[in-house]
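Listed here are the chains, written in short residue letters.
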Amino acid sequence: MSEYVPMRLPRRRSVAVQVGSVMVGGDAPVVVQSMTNTDTADADATVAQVAALARAGSELVRITVDRDESAAAVPRIRERLDRIGVNVPLIGDFHYIGHKLLADHPACAEALAKYRINPGNVGFKAKRDTQFSQIIDIAQKYDKPVRIGVNWGSLDQELLTKLMDENAASPNPIAASAVMREAIIQSGLLSAERAESLGMARNKIILSAKVSNVQDLIAVYADLAARCDYALHLGLTEAGMGTKGIVASAASMGILLQQGIGDTIRVSLTPEPGGDRSKEVQVAQELLQVMGFRAFVPVVAACPGCGRTTSTVFQELASDIQEHIRVSMPVWREQYPGVENLNVAVMGCIVNGPGESKFADIGISLPGTGESPSAPVFIDGEKVMTLRGPSIAEDFKAMVLGYIEQKYGSGKPLELPSAAQE
Ligand code: SF4
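Residues numbered from 1 in each chain as written. Predicted model: local features only at pLDDT ≥ 70, side-chain atom pairs only at ≥ 80, totals over all residues. Heavy atoms only, no water.

K.L.:
Where do I start with the environment of Leu269 in this structure?
P.N.:
With respect to the helices and strands, the residue Leu269 is situated in strand E12 (residues 269-270). Looking at Leu269, the relative accessible area reads 10%, which means it is buried. Measuring from C-alpha to C-alpha, the distance between Leu269 and Thr243 comes to 9.5 Å, with 26 residues separating the pair along the chain. (Helix = DSSP H or I, 4+ residues; strand = E, 2+ residues; numbered from the N terminus. Buried < 20%, exposed > 50% of the residue type's maximum accessible area, 1.4 Å probe, protein only.)

K.L.:
I tried to follow the sheet that holds strand E11 (residues 264-265) on my own but got confused; where do I start?
P.N.:
Hydrogen bonding along the main chain pairs the strands of a sheet, whether they run parallel or antiparallel. Taking strand neighbours around the barrel as the criterion, the eight strands line up as E3-E4-E5-E6-E7-E8-E9-E11 in a closed arrangement whose pairing is parallel. In the sheet, strand E3 (residues 31-35) pairs with strand E4 (residues 60-64) via three bridges, with the strands oriented parallel. Bridge pairing links Ser34 to Val61 in E4. (Pairing = 2+ DSSP bridges.)

K.L.:
What is the right way to read the nonpolar core from this model?
P.N.:
Note that soluble globular proteins tend to have their nonpolar side chains buried in a common cluster. Judged by nonpolar contacts, the single largest core of 116 residues is most densely connected at Tyr115, Val346, Ile364 and Phe396. Counting residues per element, this core draws most heavily on helix H7 (residues 176-197), at eight residues. (Core = buried A, V, L, I, M, F, W, Y, C linked by side-chain atoms within 4.5 Å.)

K.L.:
Would you mind showing me how to read the site of the ligand here?
P.N.:
The ligand sits among Cys303, Gly305, Cys306, Arg308, Thr309, Gly348, Cys349, Val351 and Asn352. Residue classes in the shell around the ligand are distributed as four nonpolar, four polar and one charged. (Near = heavy atom within 4 Å. Nonpolar A, V, L, I, M, F, W, Y, C, P; charged D, E, K, R; others polar.)

K.L.:
I'm lost on the UniProt feature "binding site: [4Fe-4S] cluster" (unreviewed entry) in the protein in this one. Help?
P.N.:
In this structure's numbering, the residues bearing the UniProt feature "binding site: [4Fe-4S] cluster" (unreviewed entry) are Cys303, Cys306, Cys349 and Glu356. Along the chain, Cys303 falls in the loop between strand E13 (299-302) and helix H11 (313-335). Apart from residues no more than four positions distant in its own chain, Cys303 is found in contact with Phe314, Val346, Met347 and Gly348. Along the chain, Glu356 turns up in helix H12 (residues 353-359). You can call Glu356 partly exposed: its relative accessible area is 38%. With near-sequence residues (within four places) excluded, Glu356 lies in contact with Ala301, Ala345 and Met347. (UniProt positions renumbered as here; feature names shortened; annotations may be inferred. Contact = heavy atoms within 4.5 Å.)

K.L.:
Where do I start with helix H5 (residues 125-141) in this structure?
P.N.:
At 3.6 residues per turn, the α-helix brings residues three or four places apart onto the same side. The first and last C-alpha atoms of H5 sit 25 Å apart over 17 residues, in line with the 24 Å expected at 1.5 Å per residue. Looking at the buried positions of H5, the neighbouring elements they touch are helix H3 (98-104), helix H4 (106-111), strand E6 (114-117), strand E7 (146-151), helix H6 (157-169) and H7. Looking at the residues trailing H5, positive phi occurs at Asp143, about 55°. (Expected span 1.5 Å × (residues − 1).)

K.L.:
Explain the environment of Gln259 here, please?
P.N.:
Within the secondary structure, Gln259 sits in the loop between helix H9 (242-258) and E11. Judged by its relative accessible area of 44%, Gln259 is partly exposed. C-alpha separation for the pair Gln259 and Ala302, spaced 43 residues apart in sequence, amounts to 29 Å.

K.L.:
In this structure, what is going on with the pattern of salt bridges? I would like to understand it.
P.N.:
Opposite charge on two side chains permits them to pair, given that their charged atoms come into close proximity. Throughout the structure, instances matching the rule amount to 27 salt bridges. Between Glu280 and Arg266 there is a salt bridge whose closest N-O contact spans 3.0 Å. Separated by 14 residues along the polypeptide, Glu280 in helix H10 (residues 279-290) and Arg266 in the loop between E11 and E12 bring together distant segments of the chain. Comparing Glu280 with Arg266, the two get one shared label, buried. Three or more residues are tied together by salt bridges with common partners; here these are Asp39, Asp66, Arg67 and Glu69. (Salt bridge = Lys/Arg side-chain N within 4 Å of Asp/Glu carboxyl O.)

Pasting the structure below:
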């Protein structure tokens, strides 16, 4: 019913960068990306995880390229992904010896869609400039963009020391934390300037400046955004595990996105042991979707439940439908174009149920405590029937699927369940 309309808040103007088949920055929507945690030299495990991340909706996937064996595996990983129809661009994450790995493994340099360089550990003293320029030369040779990714944990110590010394000598010194933020920003900007002076075009450079504290991240990116027009990669580094990592990432990136800052995001969650790496993709998508910037999956609106709902039927139904949607989306995305705009409501009682259900494409108001055991179903704002009996949940799920088929698939008219109609 309510067709999804993306929020059109003013975005900071950034130079668009083509990363493989994906545009980052400019007028492109904010791109979701993720990173594997497999050993890249283990091509089987890496192919499986990249495919899982891509199928979950990651539009770019970064892999670690830390040694010869990893670099040698990259072209094989690319070929195998292409063979199974996973064409997500791969980004190589390089530290310390990126210049050497890219030079020694041209097939790796070619297979990657972007190189990530950390200016804090590209080398030290005189070697730093040489090794940085070697990577930039290779990127230009293969026509690849780079991300200059500053991270506070590996901040350029020479630059930080210089700024700290200058601050100490200043008649009006600022707080050490502000100096650190300035060092992070300058490290990114100076490296980008250097890349440009070596001939790299602005539309080949993405910047990031990650820190692990929410307030610092907001301050760093707000400042960085005002001082350049490079496309920005947002991410809170070491966000942490579980709800803490999710809340910290959403709080910091949500504020920046609301200000129009950020062209691609990664949510750096630490997975629980044995946990699903794709969770970080789900969280990034949900962040963009709840803020109204993009639609990825159908929305299931469910009331929180209260004293009027003593049964768990509605919680089970809402979670059942949400889960069914999540696992079906990789197929539905192809089969039912536009299905991500669907709104489903599962409400617990008559107080808000019919009202909320009417605003969804398809909604159900389940019986609360003491209410007659019947559940009105609304489609496109109209009450179409009332479900009764023990199969309410199953009947409603079948109706949701029938509605999807009708609206986004073959157009076959939705068949109402024959039993238990009003
Ligand atoms: S819709 Fe009903 S069950 Fe759900 S929170 Fe509101 S009053 Fe409670």
